[in-house]
2 protein chains.
Amino acid sequence: MGTSMQEAAEALKSVLRTLKGRKAAVLGHMRPDGDCIGSQVALCRMLTAAGVDAVCVNRDRVPPNLSAYARGVTFIRGSDYGENDRLAVAVDCADASRIGTELLARFPEGLLGNVDHHASNPGYAVHNAVVKDAAATCHVLAACAEMIGLEVDAATAKALHLGILTDTGRFSYSSVSPELLELTARLLRKGADPAEANFRVFEQESRGKLALTQRFLASLRFHDGGRICSGEIRQADYAATGTTKEDKEGLVEFPRSVEGVEVAVLLEEGADGIRGSLRGRDPRLRLDQLAGKLNGGGHMLAAGFNMLGCSLDRDRDRIIGQVIEHVRERAGK
Amino acid sequence: MGTSMQEAAEALKSVLRTLKGRKAAVLGHMRPDGDCIGSQVALCRMLTAAGVDAVCVNRDRVPPNLSAYARGVTFIRGSDYGENDRLAVAVDCADASRIGTELLARFPEGLLGNVDHHASNPGYAVHNAVVKDAAATCHVLAACAEMIGLEVDAATAKALHLGILTDTGRFSYSSVSPELLELTARLLRKGADPAEANFRVFEQESRGKLALTQRFLASLRFHDGGRICSGEIRQADYAATGTTKEDKEGLVEFPRSVEGVEVAVLLEEGADGIRGSLRGRDPRLRLDQLAGKLNGGGHMLAAGFNMLGCSLDRDRDRIIGQVIEHVRERAGK
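Here, residues in each chain are numbered from 1, in the same order as that chain's written sequence. All chains are assigned letters beginning with A, and all ligands numbers beginning with 1, in the order in which they are written. Thresholds applied to this predicted model are a pLDDT of at least 70 for local features of residues and 80 or more for the giving and counting of side-chain atom pairs; totals over whole chains, interfaces and linings are not thresholded and use all residues. Only hydrogens and water are set aside when side-chain values are computed; all heavy atoms of the structure are taken into account.

1. Examining the overall build of chain A
For chain A, the helix and strand inventory stands at 13 helices and 12 strands. Put simply, the radius of gyration uses C-alpha atoms, and a globule should come to 2.2 Å times the residue count raised to 0.38. For 333 residues, the compact-globule estimate of 2.2 N^0.38 gives 20 Å, and chain A sits close to it at 20 Å. Along the three orthogonal principal directions, the C-alpha set of chain A runs to about 60 × 45 × 35 Å. When a residue's accessible area, from a 1.4 Å probe over protein chains only, is under 20% of the maximum for its type it is buried; when over 50% it is exposed; and in between it is partly exposed. Counting across all 333 residues of chain A, residues that qualify as buried make up 56%. Contacts between residues were defined by any pair of non-hydrogen atoms, one from each residue, lying within 4.5 Å. For chain A, the share of sequence-separated contacts (at least 6 apart) that also reach a separation of at least 24 residues comes to 66%. Each helix corresponds to a stretch of at least 4 residues labelled H or I by DSSP, and each strand to a stretch of at least 2 residues labelled E; elements are numbered beginning at the N terminus.

2. What to know about the pairing of strand S4 (residues 86–91) of chain B
All names here are of chain B. Extensive coverage of S4 is indicated by the burial of six of its six residues. Covered by surrounding structure in S4 are Arg86, Ala88 and Ala90 together with Leu87, Val89 and Val91, the residues of both alternating faces. By definition, two strands form a pair when at least two bridges between them are found by DSSP. When strand S1 (residues 23–27) meets S4, the two strands line up parallel, connected through five bridges. Each residue of the ladder has a partner; that of Ala25, found in S4, is Ala88. Looking at chain direction, S4 and strand S5 (residues 113–116) are connected through three bridges and run parallel. Residue pairing for S5: Ala90 is matched across the bridge by Asn114.

3. Some points on the pairing of strand S5 (residues 113–116) of chain A
Residue and element names in this part refer to chain A. Side chains Gly113 and Val115 of S5 all project onto a buried face; the interleaved residues Asn114 and Asp116 project onto the opposite face, where all are buried too. The pairing of S5 with strand S6 (residues 127–130) spans four bridges and is classified as parallel. Its bridge partner being in S6, Gly113 is matched across the sheet by His127.

4. Regarding the packing of helix H2 (residues 34–49) of chain A against helix H5 (residues 137–148) of chain A
All names here are of chain A. Viewed as axis vectors pointing N to C, H2 and H5 meet at an angle of 25 degrees, and their least axial separation amounts to 8 Å. Judged by the angle between their axes, H2 and H5 are roughly parallel. You can see that H2 and H5 cross each other, and the crossing is left-handed. Contact with H2, carried on its side by Asp35, Gly38, Ser39, Leu43 and Met46, involves Thr137, Cys138, Leu141 and Ala145 of H5 and no other residues of that element. Axis angles are defined between N-to-C directions and span 0 to 180 degrees, where every axis is a line fitted to C-alpha atoms and, for a helix, only to the segment in contact. Orientation is classified from the angle alone, with under 35 degrees giving roughly parallel, over 145 giving roughly antiparallel, 65 to 115 giving roughly perpendicular, and any other angle giving oblique. In this scheme, a crossing is called left-handed if the near helix is turned counterclockwise away from the far one by less than a right angle; it is called right-handed if the turn is clockwise.

5. Regarding the domain arrangement of chain A
By convention, interface size is frequently given as the accessible area that disappears when the constituent parts associate. Residues and elements named next belong to chain A. For each domain, the first and last residues come from an automatic or database assignment. Domain assignment breaks chain A into domain 1 (5–202) and domain 2 (209–330). The centre of domain 1, based on its C-alpha atoms, is set 27 Å off from the matching centre of domain 2. Taken together, the eight residues of domain 1 in the interface contact six residues of domain 2. For the salt bridge of Glu246 with Arg61, the shortest nitrogen-to-oxygen distance reads 2.8 Å. Polar contact is defined as a pair of N or O atoms within 3.5 Å, subject to the rule that within protein one atom must be able to donate a hydrogen and the other to accept it, and that residues adjacent in sequence are counted only when both atoms are side-chain atoms. Linking domain 1 to domain 2 there are two residue pairs in polar contact (both at pLDDT 80 or more). When residues are sorted by character, Ala, Val, Leu, Ile, Met, Phe, Trp, Tyr, Cys and Pro go into the nonpolar class, Asp, Glu, Lys and Arg into the charged class, and all the rest, Gly among them, into the polar class. A breakdown of the residues in the side of domain 1 that touches domain 2 according to their chemical character gives three nonpolar, three polar and two charged. Here, a salt bridge means any side-chain nitrogen of Lys or Arg that lies within 4 Å of a carboxyl oxygen of Asp or Glu.

6. A short note on the interface of chain A and chain B
Of the residues lining the interface, 40 residues belong to chain A; the matching set on chain B comes to 40 residues. By buried area we mean the combined loss of accessible area, with a 1.4 Å probe, across both parts when two parts are placed together. A combined buried area of about 3500 Å² lies between chain A and chain B, and 61% of that area is made up of carbon and sulfur atoms. On the surface where chain A and chain B come into contact, there are eight salt bridges. Across the salt bridge formed by Arg281 of chain A and Glu203 of chain B, the nearest N and O atoms sit 2.8 Å from each other. Joining chain A to chain B, the criterion identifies 14 residue pairs in polar contact (both at pLDDT 80 or more). In terms of residue count, the dominant contributor to the side of chain A that touches chain B is helix H7 (residues 178–189) of chain A (eight residues). Its residues placed into classes, the side of chain A that touches chain B shows 18 nonpolar, 12 polar and 10 charged.

7. What about the relation of the copies chain A and chain B?
Screw-axis analysis of chain A against chain B gives a translation of 0.0 Å along the axis, an RMSD of 0.1 Å, and a rotation angle of 180 degrees. Such a combination of rotation and displacement between the chain copies is what one expects of a two-fold axis. When the interface residues of chain A are mapped onto chain B, 100% of them are again interface residues, pointing to one common binding face. In this comparison the copies share one frame, found by least squares on the C-alpha atoms of residues holding pLDDT of at least 70 in both.

8. Brief notes about the nonpolar core
To form a nonpolar core, buried Ala, Val, Leu, Ile, Met, Phe, Trp, Tyr and Cys residues must be joined to one another through side-chain atoms within 4.5 Å. If you look at the biggest cluster of nonpolar residues, it comprises 122 residues, and the most contacted ones within it are Leu19, Leu47 and Leu160 of chain A together with Leu19, Leu47 and Leu160 of chain B. Discounting residues that sit within four places of it in the chain, Leu47 of chain B has contacts with Leu16, Leu19, Ala24, Val26, Val52 and Ala54 of chain B. Within the second largest apolar cluster, 30 residues are counted, among which are Leu220 and Ala264 of chain A together with Phe216 and Tyr238 of chain B.

Next up, the structure:
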């Protein structure tokens, strides 16, 4: 589904109206990223400023490098969440299942709101503010906040900027419009700080992350004449470098940035199977559809999948084979 | 020296007035980067649109990944430049020597114009448009073009955007102001394309560059409790990976982005000595002054030096020792 920014603002207004005198839980997705945390913090702060008792609830923890943004906002881990009187608003979740099934089950009456920018979002809530051509969920929230007149203080502006920054690859994707830059300029005037944000998000790598990066680069292989490049991470890599799966963030950009590569693949072998990330540069390759064939989903240029019970040694070639086949099909060859 | 943007526009106007009926050579610095090429292309196109016969002259070649920006503009290598009737305008050159001494000697009457944003620029031309707090030389040119009413077509807008993009580290430095984002938005409306620019500049790495990156990461060492991190590249690394010194671009960002690192150092051993790059995050450390002690110069957060006749095996420890000493002094410890 998709709505215009104006319709999204109306949907958000309806959410606010329903929340009058009620309590809210702002839900993010599993393994939250900058746009997820940024949207949660921003919406939670806007709701609080509007007089609504609001908290953020996530299956997973706030990544340490983003914790500064969560300051002043209550974040509760799904496993610790025991209330039953909050109405749920999901942000940055392409599908309700992205919240995590156990956490989602705490809201048997369903979700009140759904603020997102993923094209595949089916509109799973009562009020859906899903703007498909927005650059980030934080883009949707920032634009709607201006239309509705919600309060955006410095901390909220920083959170909104965080999501825009991370979901545009530092203002490098085709989703970056003049209007987005002007909106971002207004967030800077309200207190967002590009240098601070970049420092927090991109410039506090651990030495372990550097070592993991080295290992990942060494694992890169090229397929189908170089149009596909895959790299892998095993549990042993995390152990040897003192890193965790959060540290794989951004690694897929290395193969994606090699000349001639149309699809970059990161395969991560965990205890329960293989988790894959797909990145491309041509929307016609429809990586969301490729991910769909591999038990996943996402955007046309960035998607992911999860293959339970698979192992790299046994299933890598089969997975890469499916990637090759899909890319050839979509490229019309 | 430094001028306000208004004074810079006046200086540029004077350059244009003098160039009426004359011919211009737009000079960039040695080993040109995105802001240098972007400024040269933009100024050359603006001059041409204003009826001035203009070419770009550089000691070194246009980096291959930026050649698309140079299309439609005449770039001449310094060694091939044999004319004597062009008036010279330097862009993005902190000092006239950055043009290269041989090329500079072709203009014995000195330089007519100097468009730049380096704090250390002494104002070496007749008309100096040097805005110290501008994010890029392209920022100066874009802002002045609006004030003066110079023509900015799509190709010029793309060139201006290129310089702003690269000299702000993809909109991540403290030089990124709301006004700069709004100016960039207007460049997008005129035809600049963030996705295309990022693709050209950052996403066409060669496989050799990946291999060089791996080697560089393996060379990283931490000094003085981790506040300094250095890495090195030898001629053999280029040979083994099929890369050239242009490929070292950006590598220093890896050590700069490690938690706790205050100064990142890249040491490159060439046939004639050691070339060093310094990157930091605290302007108080004054890397321009540190580079000055090592036969170099630059910005407070990004500087470089050139130590002829030095070798890594013999002189590395001494150089790092000077870095440590300078950082301790500046940090007041």
